[in-house]
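Here is what each chain is made of, one letter per residue.
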Amino acid sequence: MLTKSQARVFFLAGTVFFSAIFILLTIDTLRQVPERQNSEALTASVVRGKHIWDSNNCMGCHTILGEGAYYAPELTRVVERRGAEWIRIFLRDPEAMYPGKRRMVRYGFDEEQITDVIAFLDWIGHVDTNGFPPAPDMAPDVKLTSTAEVQASAARPAYFDTVCIACHAVGGRGGNVGPALDGVAHRMTASELDRWLADPQSVKPGTAMPKLGLADDTRAELVAWLGTLK
Ligand code: HEC
Ligand code: HEC
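These notes cover the structure that comes with them. Since this is a predicted model, take the numbers as computed values, not measurements. (Residues numbered from 1 in each chain as written. Chains lettered and ligands numbered in written order. Predicted model: local features only at pLDDT ≥ 70, side-chain atom pairs only at ≥ 80, totals over all residues. Heavy atoms only, no water.)

### Focus on the coordination of the iron atom of ligand 2
Part 1: The iron atom of ligand 2 binds to the protein through His168 (NE2) and Met209 (SD), with metal-donor distances spanning 1.9 to 2.0 Å.
Part 2: Classification of the site at the iron atom of ligand 2 rests on its six donor atoms, whose angles at the metal span 82 to 178°, yielding the label octahedral. Separated by 41 residues along the polypeptide, His168 in the loop between helix H8 (158-162) and strand E3 (169-170) and Met209 in the loop between helix H11 (200-203) and helix H12 (216-226) bring together distant segments of the chain.
Part 3: Here Met209 falls in the buried class, since its relative accessible area comes to 16%. (Donors = N, O, S within 2.8 Å, 3.2 Å for Na, K, Ca; no water. Tetrahedral: all angles 85-135°; square planar, octahedral: opposite > 155°, others 65-115°. Helix = DSSP H or I, 4+ residues; strand = E, 2+ residues; numbered from the N terminus. Buried < 20%, exposed > 50% of the residue type's maximum accessible area, 1.4 Å probe, protein only.)

### So, the packing of aromatic side chains
Part 1: The full count for this structure, using the stated rule, is six aromatic pairs.
Part 2: A ring pair is formed by Trp86 and Phe90, whose centres lie 5.1 Å apart and whose planes are at 15°; its orientation type is stacked. You can see Trp86 and its partner Phe90 sitting in helix H4 (residues 84-92), four residues apart, about one turn around the helix.
Part 3: Look at Phe90 and you get buried, because its relative accessible area is 13%.
Part 4: Among the aromatic residues, those joined into a cluster by ring pairs are Trp53, Phe120 and Trp123.
Part 5: Positioned above the aromatic ring of Trp86, the side-chain terminus of Arg82 is 4.2 Å from the ring centre. (Phe/Tyr/Trp six-rings, centres within 6.5 Å; stacked < 30°, edge-to-face > 60°. Lys NZ or Arg CZ within 6 Å of the ring centre and 35° of its normal.)

### With respect to the coordination of the iron atom of ligand 1
Part 1: Donor atoms from the polypeptide that bind the iron atom of ligand 1 are His62 (NE2) and Met104 (SD), placed at 1.9 to 2.0 Å.
Part 2: Given six donor atoms and angles of 86 to 179° at the metal, the environment of the iron atom of ligand 1 is assigned as octahedral. Here His62 is found in the loop between helix H2 (44-55) and strand E1 (63-64), whereas its partner Met104 is found in the loop between helix H5 (94-97) and helix H6 (111-125), with 42 residues between them in sequence.
Part 3: Classification of Met104 by relative accessible area gives partly exposed; the value is 26%.

### Remarks on the site of ligand 2
Part 1: Around ligand 2, a shell composed of 25 residues is seen, among which Met97, Cys164, Cys167, His168 and Met209 lie nearest.
Part 2: Separating an oxygen atom of ligand 2 from a side-chain N or O atom of Lys204 is a distance of 2.8 Å.
Part 3: Elements that contribute at least two residues to the shell around ligand 2 include exactly H5, helix H9 (184-187), helix H10 (190-198) and H12.
Part 4: Looking at the shell around ligand 2 element by element, the count peaks at three residues for H10.
Part 5: When the residues that make up the shell around ligand 2 are grouped by side-chain class, the tally is 20 nonpolar, three polar and two charged. (Near = heavy atom within 4 Å. Polar contact = N/O pair within 3.5 Å; in protein donor to acceptor, adjacent residues only side chain to side chain. Nonpolar A, V, L, I, M, F, W, Y, C, P; charged D, E, K, R; others polar.)

### Points about unusual backbone geometry
Part 1: For the bond from Phe132 to Pro133, the omega torsion is -10°, close enough to zero to count as cis.
Part 2: As for its placement among the helices and strands, Pro133 is situated in the loop between H6 and helix H7 (147-152).
Part 3: The backbone of Asn38 shows a phi angle near 65°, a positive value even though the residue is not glycine.
Part 4: Tracing the chain through its elements places Asn38 in the loop between helix H1 (4-36) and H2.
Part 5: Assessed through its relative accessible area of 11%, Asn38 is described here as buried.

Purely spatial values, then, with no claim about function.
Rendered as C-alpha coordinates:
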(Lines give C-alpha, C1' and ligand atoms only; values in the text may rest on other atoms or scores of the structure.)
(Ligands and ions follow the chains in the order given, each with its own letter.)
Protein backbone atom coordinates (compact mmCIF):
# COMPACT_ATOMS: atom_id res chain seq x y z
CA MET A 1 0.00 0.00 0.00
CA LEU A 2 1.18 3.55 -0.77
CA THR A 3 1.10 6.06 2.02
CA LYS A 4 -0.82 9.26 1.35
CA SER A 5 2.33 11.26 0.59
CA GLN A 6 3.74 8.52 -1.68
CA ALA A 7 0.45 8.52 -3.59
CA ARG A 8 0.69 12.29 -3.99
CA VAL A 9 4.27 12.07 -5.33
CA PHE A 10 3.24 9.24 -7.64
CA PHE A 11 0.31 11.27 -8.94
CA LEU A 12 2.32 14.46 -9.45
CA ALA A 13 5.30 12.74 -11.07
CA GLY A 14 3.03 10.79 -13.41
CA THR A 15 1.11 13.92 -14.37
CA VAL A 16 4.27 15.89 -15.07
CA PHE A 17 5.83 13.03 -17.04
CA PHE A 18 2.86 12.41 -19.33
CA SER A 19 2.12 16.12 -19.76
CA ALA A 20 5.69 16.55 -20.94
CA ILE A 21 5.26 13.74 -23.48
CA PHE A 22 2.01 15.29 -24.64
CA ILE A 23 3.61 18.73 -25.07
CA LEU A 24 6.62 17.32 -26.93
CA LEU A 25 4.36 15.38 -29.33
CA THR A 26 2.28 18.52 -29.90
CA ILE A 27 5.42 20.51 -30.72
CA ASP A 28 6.55 17.74 -33.06
CA THR A 29 3.20 17.80 -34.87
CA LEU A 30 3.22 21.59 -35.24
CA ARG A 31 6.79 21.39 -36.54
CA GLN A 32 5.62 19.05 -39.32
CA VAL A 33 2.63 21.12 -40.40
CA PRO A 34 4.48 23.53 -42.73
CA GLU A 35 6.11 20.76 -44.77
CA ARG A 36 2.94 18.70 -44.99
CA GLN A 37 0.35 21.29 -45.92
CA ASN A 38 1.50 21.71 -49.52
CA SER A 39 1.17 25.51 -49.29
CA GLU A 40 3.89 26.20 -51.86
CA ALA A 41 1.60 24.65 -54.49
CA LEU A 42 -1.21 27.14 -53.77
CA THR A 43 -1.91 28.90 -57.07
CA ALA A 44 -4.53 31.55 -57.81
CA SER A 45 -6.60 28.85 -59.51
CA VAL A 46 -6.53 26.67 -56.38
CA VAL A 47 -7.70 29.62 -54.28
CA ARG A 48 -10.56 30.38 -56.68
CA GLY A 49 -11.50 26.71 -56.62
CA LYS A 50 -11.61 26.80 -52.84
CA HIS A 51 -13.99 29.79 -52.96
CA ILE A 52 -16.23 27.93 -55.41
CA TRP A 53 -16.08 24.94 -53.09
CA ASP A 54 -17.15 27.08 -50.10
CA SER A 55 -19.78 29.23 -51.76
CA ASN A 56 -21.60 26.26 -53.30
CA ASN A 57 -21.75 24.30 -50.07
CA CYS A 58 -20.12 21.20 -51.53
CA MET A 59 -19.47 20.16 -47.94
CA GLY A 60 -23.22 19.97 -47.38
CA CYS A 61 -22.97 16.60 -49.12
CA HIS A 62 -19.26 15.72 -49.41
CA THR A 63 -16.39 15.32 -46.98
CA ILE A 64 -12.91 16.63 -47.66
CA LEU A 65 -10.02 15.72 -45.34
CA GLY A 66 -12.75 13.85 -43.49
CA GLU A 67 -14.79 17.02 -42.72
CA GLY A 68 -18.28 17.61 -44.01
CA ALA A 69 -21.38 15.55 -44.63
CA TYR A 70 -21.51 11.84 -45.33
CA TYR A 71 -24.11 11.88 -48.09
CA ALA A 72 -21.68 11.89 -51.03
CA PRO A 73 -18.18 10.48 -51.64
CA GLU A 74 -15.08 11.69 -49.79
CA LEU A 75 -13.23 13.92 -52.27
CA THR A 76 -9.72 14.31 -50.82
CA ARG A 77 -8.19 12.04 -53.44
CA VAL A 78 -10.79 12.25 -56.14
CA VAL A 79 -8.37 13.53 -58.81
CA GLU A 80 -6.07 10.58 -58.23
CA ARG A 81 -9.05 8.22 -58.27
CA ARG A 82 -10.99 9.55 -61.24
CA GLY A 83 -8.60 11.69 -63.24
CA ALA A 84 -9.10 15.35 -64.15
CA GLU A 85 -10.77 14.60 -67.48
CA TRP A 86 -13.42 12.38 -65.91
CA ILE A 87 -14.20 15.04 -63.26
CA ARG A 88 -14.47 17.72 -65.95
CA ILE A 89 -17.09 15.76 -67.87
CA PHE A 90 -18.88 14.87 -64.65
CA LEU A 91 -19.07 18.49 -63.40
CA ARG A 92 -20.38 19.71 -66.75
CA ASP A 93 -23.29 17.35 -66.33
CA PRO A 94 -23.21 14.75 -63.52
CA GLU A 95 -26.07 12.85 -65.03
CA ALA A 96 -24.17 12.28 -68.26
CA MET A 97 -21.84 9.93 -66.42
CA TYR A 98 -24.66 8.02 -64.76
CA PRO A 99 -27.75 8.63 -66.89
CA GLY A 100 -30.98 8.88 -64.96
CA LYS A 101 -29.76 7.90 -61.54
CA ARG A 102 -27.63 10.58 -59.99
CA ARG A 103 -28.14 13.02 -57.16
CA MET A 104 -25.18 15.32 -57.61
CA VAL A 105 -26.16 18.91 -58.39
CA ARG A 106 -25.66 20.23 -61.92
CA TYR A 107 -24.07 23.58 -61.17
CA GLY A 108 -23.64 24.95 -64.67
CA PHE A 109 -20.04 26.02 -64.00
CA ASP A 110 -18.14 27.46 -66.95
CA GLU A 111 -14.94 25.74 -68.11
CA GLU A 112 -12.71 28.07 -66.10
CA GLN A 113 -14.63 27.43 -62.91
CA ILE A 114 -14.39 23.70 -63.52
CA THR A 115 -10.63 24.06 -64.02
CA ASP A 116 -10.42 25.93 -60.70
CA VAL A 117 -12.46 23.31 -58.83
CA ILE A 118 -10.24 20.55 -60.23
CA ALA A 119 -7.10 22.56 -59.31
CA PHE A 120 -8.40 22.83 -55.75
CA LEU A 121 -9.26 19.13 -55.53
CA ASP A 122 -5.87 18.23 -57.01
CA TRP A 123 -4.09 20.47 -54.52
CA ILE A 124 -5.91 19.00 -51.54
CA GLY A 125 -5.07 15.53 -52.84
CA HIS A 126 -1.39 16.39 -52.43
CA VAL A 127 -1.61 17.49 -48.81
CA ASP A 128 0.29 14.93 -46.76
CA THR A 129 -2.50 13.36 -44.72
CA ASN A 130 -0.60 10.34 -43.45
CA GLY A 131 -2.38 8.18 -45.98
CA PHE A 132 -5.95 9.41 -45.38
CA PRO A 133 -8.28 8.33 -46.88
CA PRO A 134 -7.20 4.73 -47.16
CA ALA A 135 -7.47 3.53 -50.75
CA PRO A 136 -9.69 2.37 -52.28
CA ASP A 137 -12.42 4.52 -50.78
CA MET A 138 -15.08 4.24 -53.45
CA ALA A 139 -16.41 2.50 -56.50
CA PRO A 140 -15.21 -1.06 -55.93
CA ASP A 141 -16.70 -1.99 -59.31
CA VAL A 142 -14.23 0.26 -61.16
CA LYS A 143 -10.83 -1.36 -61.33
CA LEU A 144 -8.41 1.06 -62.91
CA THR A 145 -5.65 -0.53 -64.90
CA SER A 146 -2.21 0.06 -63.45
CA THR A 147 0.13 2.30 -65.43
CA ALA A 148 2.41 -0.65 -66.17
CA GLU A 149 -0.42 -2.53 -67.87
CA VAL A 150 -1.45 0.53 -69.87
CA GLN A 151 2.08 0.84 -71.18
CA ALA A 152 2.21 -2.86 -72.02
CA SER A 153 -0.59 -2.36 -74.54
CA ALA A 154 0.97 0.70 -76.14
CA ALA A 155 -1.86 1.44 -78.55
CA ARG A 156 -4.43 1.77 -75.79
CA PRO A 157 -5.36 5.46 -75.60
CA ALA A 158 -4.86 7.12 -72.21
CA TYR A 159 -8.31 8.66 -72.61
CA PHE A 160 -9.85 5.22 -72.39
CA ASP A 161 -8.29 4.65 -68.99
CA THR A 162 -9.35 7.96 -67.57
CA VAL A 163 -12.94 8.16 -68.80
CA CYS A 164 -14.36 5.22 -70.75
CA ILE A 165 -13.19 2.69 -68.18
CA ALA A 166 -15.58 4.15 -65.61
CA CYS A 167 -18.37 2.51 -67.62
CA HIS A 168 -16.77 -0.13 -69.86
CA ALA A 169 -14.59 -3.13 -69.10
CA VAL A 170 -11.94 -4.57 -71.39
CA GLY A 171 -10.27 -7.83 -70.46
CA GLY A 172 -12.38 -8.05 -67.31
CA ARG A 173 -11.34 -4.66 -65.91
CA GLY A 174 -13.52 -1.60 -65.75
CA GLY A 175 -17.04 -0.48 -64.96
CA ASN A 176 -20.26 -2.23 -65.89
CA VAL A 177 -22.54 0.67 -66.78
CA GLY A 178 -22.06 -0.11 -70.47
CA PRO A 179 -21.21 -3.39 -72.21
CA ALA A 180 -17.71 -4.88 -72.06
CA LEU A 181 -15.88 -3.86 -75.22
CA ASP A 182 -13.96 -7.07 -75.85
CA GLY A 183 -14.66 -8.12 -79.43
CA VAL A 184 -16.38 -4.83 -80.28
CA ALA A 185 -14.55 -4.82 -83.64
CA HIS A 186 -16.70 -7.80 -84.66
CA ARG A 187 -19.88 -5.90 -83.86
CA MET A 188 -19.07 -2.46 -85.25
CA THR A 189 -17.10 -1.10 -88.21
CA ALA A 190 -14.70 1.82 -87.90
CA SER A 191 -17.24 4.26 -89.31
CA GLU A 192 -19.96 2.98 -86.98
CA LEU A 193 -17.61 3.37 -84.03
CA ASP A 194 -16.73 6.87 -85.16
CA ARG A 195 -20.37 7.95 -85.47
CA TRP A 196 -21.18 6.35 -82.12
CA LEU A 197 -18.38 8.13 -80.26
CA ALA A 198 -19.17 11.45 -81.89
CA ASP A 199 -22.79 11.41 -80.77
CA PRO A 200 -24.41 8.26 -79.33
CA GLN A 201 -27.84 9.95 -79.15
CA SER A 202 -27.98 10.48 -82.89
CA VAL A 203 -27.34 6.76 -83.47
CA LYS A 204 -29.58 5.46 -80.71
CA PRO A 205 -31.91 8.06 -79.19
CA GLY A 206 -32.33 7.65 -75.46
CA THR A 207 -29.16 5.62 -74.99
CA ALA A 208 -27.38 5.81 -71.65
CA MET A 209 -23.99 6.42 -73.27
CA PRO A 210 -23.02 10.09 -72.81
CA LYS A 211 -21.94 12.39 -75.60
CA LEU A 212 -18.42 13.11 -74.38
CA GLY A 213 -17.46 15.91 -76.73
CA LEU A 214 -14.25 14.17 -77.83
CA ALA A 215 -11.64 16.07 -79.82
CA ASP A 216 -11.23 14.71 -83.36
CA ASP A 217 -7.78 13.24 -82.77
CA THR A 218 -8.84 11.59 -79.50
CA ARG A 219 -11.80 10.05 -81.28
CA ALA A 220 -9.63 8.80 -84.16
CA GLU A 221 -7.19 7.26 -81.69
CA LEU A 222 -10.03 5.50 -79.85
CA VAL A 223 -11.60 4.19 -83.05
CA ALA A 224 -8.23 2.83 -84.23
CA TRP A 225 -7.69 1.05 -80.94
CA LEU A 226 -11.26 -0.28 -80.60
CA GLY A 227 -10.82 -1.71 -84.11
CA THR A 228 -8.12 -4.01 -82.70
CA LEU A 229 -10.45 -5.55 -80.09
CA LYS A 230 -11.34 -8.74 -81.93
C1 HEC B 1 -26.80 17.71 -52.90
C2 HEC B 1 -25.60 17.00 -52.59
C3 HEC B 1 -24.32 17.37 -53.32
C4 HEC B 1 -23.71 18.59 -53.39
C5 HEC B 1 -24.16 19.91 -52.79
C6 HEC B 1 -22.48 18.38 -54.14
N7 HEC B 1 -22.37 17.07 -54.52
FE8 HEC B 1 -20.82 16.24 -55.55
N9 HEC B 1 -21.76 14.43 -55.51
C10 HEC B 1 -22.97 14.18 -54.88
C11 HEC B 1 -23.30 12.75 -55.05
C12 HEC B 1 -24.54 12.07 -54.51
C13 HEC B 1 -22.23 12.19 -55.78
C14 HEC B 1 -22.06 10.70 -56.21
C15 HEC B 1 -22.40 10.57 -57.67
C16 HEC B 1 -23.85 10.81 -57.89
O17 HEC B 1 -24.68 10.10 -57.31
O18 HEC B 1 -24.18 11.71 -58.67
C19 HEC B 1 -21.30 13.25 -56.06
C20 HEC B 1 -20.12 13.09 -56.76
C21 HEC B 1 -19.16 14.06 -56.94
C22 HEC B 1 -17.89 13.87 -57.60
C23 HEC B 1 -17.39 12.55 -58.19
C24 HEC B 1 -16.89 11.71 -57.06
C25 HEC B 1 -16.50 10.33 -57.49
O26 HEC B 1 -15.60 9.77 -56.87
O27 HEC B 1 -17.12 9.79 -58.39
C28 HEC B 1 -17.24 15.08 -57.60
C29 HEC B 1 -15.87 15.39 -58.18
C30 HEC B 1 -18.11 16.02 -56.94
N31 HEC B 1 -19.26 15.38 -56.56
C32 HEC B 1 -17.79 17.36 -56.75
C33 HEC B 1 -18.63 18.27 -56.12
C34 HEC B 1 -18.33 19.68 -55.99
C35 HEC B 1 -17.06 20.35 -56.47
C36 HEC B 1 -19.40 20.25 -55.35
C37 HEC B 1 -19.62 21.72 -55.03
C38 HEC B 1 -19.42 22.66 -56.10
C39 HEC B 1 -20.36 19.19 -55.08
N40 HEC B 1 -19.86 18.02 -55.56
C41 HEC B 1 -21.57 19.38 -54.42
C42 HEC B 1 -23.76 15.08 -54.20
C43 HEC B 1 -23.49 16.42 -54.05
C1 HEC C 1 -21.32 7.03 -68.38
C2 HEC C 1 -21.03 5.73 -68.90
C3 HEC C 1 -20.30 5.61 -70.22
C4 HEC C 1 -19.11 6.20 -70.58
C5 HEC C 1 -18.27 7.21 -69.80
C6 HEC C 1 -18.78 5.66 -71.87
N7 HEC C 1 -19.75 4.80 -72.28
FE8 HEC C 1 -19.76 3.71 -74.00
N9 HEC C 1 -21.59 2.95 -73.55
C10 HEC C 1 -22.28 3.19 -72.37
C11 HEC C 1 -23.54 2.49 -72.42
C12 HEC C 1 -24.60 2.49 -71.32
C13 HEC C 1 -23.59 1.80 -73.66
C14 HEC C 1 -24.73 0.94 -74.21
C15 HEC C 1 -25.59 1.87 -75.00
C16 HEC C 1 -26.82 1.26 -75.58
O17 HEC C 1 -26.76 0.16 -76.10
O18 HEC C 1 -27.84 1.96 -75.50
C19 HEC C 1 -22.34 2.12 -74.35
C20 HEC C 1 -21.99 1.64 -75.62
C21 HEC C 1 -20.74 1.78 -76.18
C22 HEC C 1 -20.31 1.16 -77.39
C23 HEC C 1 -21.13 0.15 -78.22
C24 HEC C 1 -20.78 -1.20 -77.66
C25 HEC C 1 -21.58 -2.36 -78.21
O26 HEC C 1 -21.06 -3.48 -78.08
O27 HEC C 1 -22.70 -2.13 -78.67
C28 HEC C 1 -19.03 1.55 -77.62
C29 HEC C 1 -18.13 1.12 -78.78
C30 HEC C 1 -18.67 2.45 -76.56
N31 HEC C 1 -19.74 2.57 -75.69
C32 HEC C 1 -17.42 3.06 -76.44
C33 HEC C 1 -17.10 3.98 -75.46
C34 HEC C 1 -15.85 4.69 -75.43
C35 HEC C 1 -14.69 4.50 -76.38
C36 HEC C 1 -15.94 5.54 -74.35
C37 HEC C 1 -14.92 6.59 -73.92
C38 HEC C 1 -14.63 7.59 -74.92
C39 HEC C 1 -17.22 5.34 -73.71
N40 HEC C 1 -17.89 4.38 -74.42
C41 HEC C 1 -17.64 6.00 -72.56
C42 HEC C 1 -21.85 3.97 -71.31
C43 HEC C 1 -20.70 4.74 -71.29
